[in-house]
Amino acid sequence: IVTGAGGGIGQAYAEALAREGAAVVIADINVEGAQKVADGIKGEGGTALALPVDVSDPASAKEMADRALAEFGGIDYLVNNAAIFGGMKLDFLLTVDPEYYKKFMSVNLDGALWCTRAVYKQMAKRGGGAIVNISTFAAFEPDPAFPTSGVFRAGLASFAKQFADALAAAGVRMN
């Protein structure tokens, strides 16, 4: 499963995984974009399924995982890539609109949590798997151009450390 794979870097991740032989779930809130990416992978001889997902909604993340499991019989990998980026407001933490901040964090940080929770048990049942959270240097170095981005990325880094420890015994790696 690659979230936010209906275009951009998520699309590149999904296409690369498909070239390596993975059956890929193209999960995105942009259903048309996801379908286009899935069709492109299939056109190249790969296996792909476009699924709608709103990563900020735990029920939507669970539905995505359930449908992936039903279609492919298991889940081995999750790439938590979905994020508000293209429409990201450039604002400082002291002045950012509270509603925008809540939505931004619900997608960019909470989404990784909901998607991880939706898949990890199935990965463990299969003997393990891997989860990758997409981040940048902004997790460790403040970026004055994108202050809210740094906060969620630092959260992702901490999230990965916490889950990596908690899931290691089940054979699930998180980076």
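Keep in mind that this is a model prediction, so the values were computed, not measured.

Draft legend 1. Structural context of the side chain of Asp 28. Within the secondary structure, Asp 28 is located in strand E2 (residues 23–28). Nearest to the buried, unbridged Asp 28 among oppositely charged side chains is Lys 103, at 11 Å. A distance of 3.3 Å separates a polar side-chain atom of Asp 28 from the backbone nitrogen of Ala 5.

Draft legend 2. Summary view of the nonpolar core. In terms of nonpolar packing, the biggest core is built from 33 residues, with Ile 1, Met 64, Ile 75, Leu 78, Val 119, Met 123 and Ile 131 touching the most fellow members. Listed by contribution, the elements that provide at least two residues to this core are E2, strand E3 (47–52), helix H3 (58–72), helix H4 (98–108), helix H5 (110–125), helix H6 (147–167) and strand E6 (172–174). Take this core: its biggest share by element is six residues, from H6. Excluding anything up to four places from it in sequence, Val 119 contacts Ile 1, Ala 65, Ile 75, Leu 78 and Ile 131.

Criteria and thresholds
Residues numbered from 1 in each chain as written. Predicted model: local features only at pLDDT ≥ 70, side-chain atom pairs only at ≥ 80, totals over all residues. Heavy atoms only, no water. Helix = DSSP H or I, 4+ residues; strand = E, 2+ residues; numbered from the N terminus. Buried < 20%, exposed > 50% of the residue type's maximum accessible area, 1.4 Å probe, protein only. Lys, Arg positive; Asp, Glu negative; His and termini not counted. Salt bridge = Lys/Arg side-chain N within 4 Å of Asp/Glu carboxyl O. Polar contact = N/O pair within 3.5 Å; in protein donor to acceptor, adjacent residues only side chain to side chain. Core = buried A, V, L, I, M, F, W, Y, C linked by side-chain atoms within 4.5 Å. Contact = heavy atoms within 4.5 Å.

Shape descriptors only; they carry no functional weight alone.
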